[in-house]
Amino acid sequence: STEFWRLGVTSEGGAAYSVTQGRLVHPAAAFGSNRGTADVYYIFSAPGSQRTVQAASFHILSRTGTSPNDAPLTLEILDYAGTVQHTVSNGGIDVQQTPVGTWTPITLSDTEANLEIAPGGFLAFHFRLSGGPTGDLAVYPAFEVEVSDLTRQIIPVGGVVARVSRFELLAPWAGLALLGLMATGILLIRRQSQKT
């Protein structure tokens with residue numbers, strides 16, 4: 001099954017999952033360079049079973065001010081203590097250079113393990129100011145992450161890397177198996193009719 005995650009909690013400074021307790025989820029994050037910290041997170045609810053990230057994108061609703069430092073945004077999987085386990089995105093996206101008012105897709109890592117959210121982990125967007133909290137940059141993005149309980153596998157297709165699910169990989173074989181069963185059934189029916 002496929003799910004779309006759009007609600008989360010903004011946390012300034014720490015990313016331990018305990019910071020989400022008692023806080024309301026919100027459809028947009030609030031990132032800023034004048035918050036007294038270089039790291040701000042937008043944390044999604046932790047899943048109770050394994051999930052695989054299929055796609056992700058974000059939409060900057062508004063942006064004001066600037067920061068003299070780079071302000072990359074990455075998608076990460078962390079443990080409950082807030083320690084990064086995997087980086088889901090393929091590098092960071094500078095939110096100061098991203099267009100406002102349009103959805104921006106996020107390129108995902110080509111490493112399969114980086115896309116797997118295991119129980120005990122959670123997904124979060126990480127806004128980081130490379131040189132510390134300076135300037136008056138304020139960014140308000142909305143996010144959408146597509147996740148599935150199917151494992152995605154990376155296979156080369158004509159020189160292009162493609163991700164397919166286990167179901168997609170098994171589907172052709174399942175079809176062949178069904179045809180084989182049908183052929184066997186027809187053969188048995190014919191043999192039975194010949195005996196009678």
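Quick look at the structure, then. Being a predicted model, the structure only gives us computed values, none of them experimental.

So, how was this worked out
- Residues numbered from 1 in each chain as written.
- Predicted model: local features only at pLDDT ≥ 70, side-chain atom pairs only at ≥ 80, totals over all residues.
- Heavy atoms only, no water.
- Phe/Tyr/Trp six-rings, centres within 6.5 Å; stacked < 30°, edge-to-face > 60°.
- Helix = DSSP H or I, 4+ residues; strand = E, 2+ residues; numbered from the N terminus.
- Buried < 20%, exposed > 50% of the residue type's maximum accessible area, 1.4 Å probe, protein only.
- Contact = heavy atoms within 4.5 Å.

The next thing to look at is the packing of aromatic side chains. Enumeration over the complete set of coordinates arrives at 10 aromatic pairs. Geometrically, the ring pair formed by tryptophan 5 and phenylalanine 44 is tilted, given 6.1 Å between the ring centres and 35 degrees between the ring planes. Here phenylalanine 44 lies in the loop between β4 (39–43) and β5 (51–64) and tryptophan 5 lies in strand β1 (residues 2–5), a separation of 39 residues in the sequence. The exposure class of phenylalanine 44 is buried, given its relative accessible area of 1%. Their ring planes at 35 degrees and their centres at 5.1 Å tell us that tyrosine 42 and phenylalanine 143 sit as a pair that is tilted. Taken as a pair, tyrosine 42 in strand β4 and phenylalanine 143 in strand β12 (residues 138–148) lie far apart in primary sequence, 101 residues in all. Here tyrosine 42 and phenylalanine 143 have matching classes, each one buried. Put simply, the rings of Trp5, Phe31, Tyr42, Phe44, Phe58, Phe125, Phe127 and Phe143 pair up and form one aromatic cluster.

The next subject is the environment of threonine 98. Looking at the element boundaries, threonine 98 is found in the loop between β8 (93–94) and β9 (103–105). By relative accessible area, threonine 98 is classed as buried at 4%. With 40 residues separating them along the chain, threonine 98 and phenylalanine 58 place their C-alpha atoms 9.8 Å apart. Contact partners of threonine 98, with chain neighbours within four places excluded, come to Phe58, Ile60, Arg63, Ile93 and Thr104.

Read these as spatial facts, not as claims about activity.
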